Amino acid sequence: MTVDSSAARQPRRSAAGKAGTTGSKTGTAGDKSRGTGTKRTSTTRATAKKTADTDLVQLLTPEGKRVKNAEYDGYVAGITPEELRGLYRDMVLTRRFDAEATALQRQGELGLWASLLGQEAAQIGSGRALNDDDYVFPTYREHGVAWCRGVDPTNLLGMFRGVNNGGWDPNSNNFHLYTIVIGSQTLHATGYAMGVAKDGADSAVIAYFGDGASSQGDVAESFTFSAVYNAPVVFFCQNNQWAISEPTEKQSRVPLYQRAQGYGFPGVRVDGNDVLACLAVTKWALERARNGEGPTLVEAYTYRMGAHTTSDDPTRYRGDEERLAWEAKDPILRLRRYLEASNHADEGFFAELEAESEALGKRVREAVRAMPDPDHFAIFENVYADGHALVDEERAQFAAYQASFADAEGGH
């Protein structure tokens, strides 16, 4: 499927000079010794935590208290109580939909599901920072961003059920189809952003990826091309601490946002559980892109509360104490505390939202159960334009395998 480049809307403004860098001076995340792996890992963890505490852009504390930030306050200064309630509603409904999808997979209705539990603020905050004519290149976990772009949740579930390839027209929502191949969407985003710049359109592009994808060569190449061509793209990395079972400190000796310095554009680390901070920082980065100032790397420092996917068992590689520590930073509870303390929402609002949440869960559940079963043999179609003997052989083997279950049932 091809994606049409947005037509030029306004002349692009000229670059405002060379992009700078933000954050602290780059340093190594581990010690210089050649000691045991355990020693290096513990040192890396301690350094990473210190960096997270000192370099994190935060506007709402885990207790729901508003903190000042001279650099980013202006980007949310005009936010209204209604808009704050809207952010809260987005996060609650996204979490409800995500929980229903996980349950449906456990019931055999979906083949797989990648939960976003714990990452709602990063996705809703960044998703609501976008203009309608900005373009999004997601991975396979950006359910909250899809919600912000108006993609029906049932379309996402149809893909994970195997009955469609996404079900939405990317050009209708400026939201590309989910990308399963790790990191490749950053190259797609960079190329599209270069096209946007050549069109003279006054819009930006955002590419989502995880901390694991930051180790991919595709991401490094996209950083190089975007910097050299001053592409209007924001790289939004959701660092949820685990690339399946691999912790971040085993992937990088420096905080991820500092990698941008080596490519010549800014990087910033934001509290990924703070929806206000994610909104503000993403607005800033998108504004840079639209002003012709080139790419930005945003590292949303968050946590994957659930499994990598429903085929994963996180208890095999991480402890309960880690999850409990992050539960105290829950993005939804954080904003609720702020809404209540500021008298921006009452019990009636929360009760109505709870009812809306249950209605959404019911709609999603009924829609999925009404979907047809996937065609088990569709995987063999269109592999080659003119067919292939090996594919024919594999199709026959799979057919025999499927038939063996029918034989077993008939033998009872």
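Everything discussed here concerns the structure shown above.
It should be emphasised that the depicted structure is a prediction, and the values quoted were computed from it without experimental measurement. (Residues numbered from 1 in each chain as written. Predicted model: local features only at pLDDT ≥ 70, side-chain atom pairs only at ≥ 80, totals over all residues. Heavy atoms only, no water.)

> For this particular structure, what's the right way to read helix 8 (residues 217–228)?
When the terminal C-alpha atoms of helix 8 are compared, their 17 Å separation across 12 residues agrees well with the 16 Å that a helix rising 1.5 Å per residue should span. For helix 8, the set of buried residues is Val219, Ser222, Phe223 and Ser226. Take helix 8 and look down its axis: the buried residues cluster within an arc of 105°, on one side only. Check the buried side of helix 8 and you find it contacts helix 7 (184–199), strand 3 (205–210), strand 4 (233–239) and strand 8 (296–301). Looking one or two residues beyond helix 8, the residue adopting positive phi is Asn230, at roughly 50°. (Helix = DSSP H or I, 4+ residues; strand = E, 2+ residues; numbered from the N terminus. Expected span 1.5 Å × (residues − 1). Buried < 20%, exposed > 50% of the residue type's maximum accessible area, 1.4 Å probe, protein only. Arc of directions from axis to C-beta. Contact = heavy atoms within 4.5 Å.)

> So what exactly am I meant to see when it comes to the sheet that holds strand 8 here?
Through backbone hydrogen bonds, the strands of a sheet pair up, either in parallel or in antiparallel fashion. If you trace the 6 strands from one edge of the open sheet to the other, you get 1-7-8-4-3-2, paired in parallel fashion. This sheet does not close on itself; its edge strands, each paired only once, are strand 1 (56–57) and strand 2 (135–137). Here strand 7 (residues 267–271) pairs with strand 8 via 5 bridges, running parallel. Bridge pairing in strand 8 links Gly267 to Leu297. Each of strand 3, strand 4 and strand 8 is contacted by helix 8, which is oriented at about 150° to strand 4, the strand it contacts most. (Pairing = 2+ DSSP bridges. Axes fitted to C-alpha atoms, helices over the stretch in contact; angles between N-to-C directions.)

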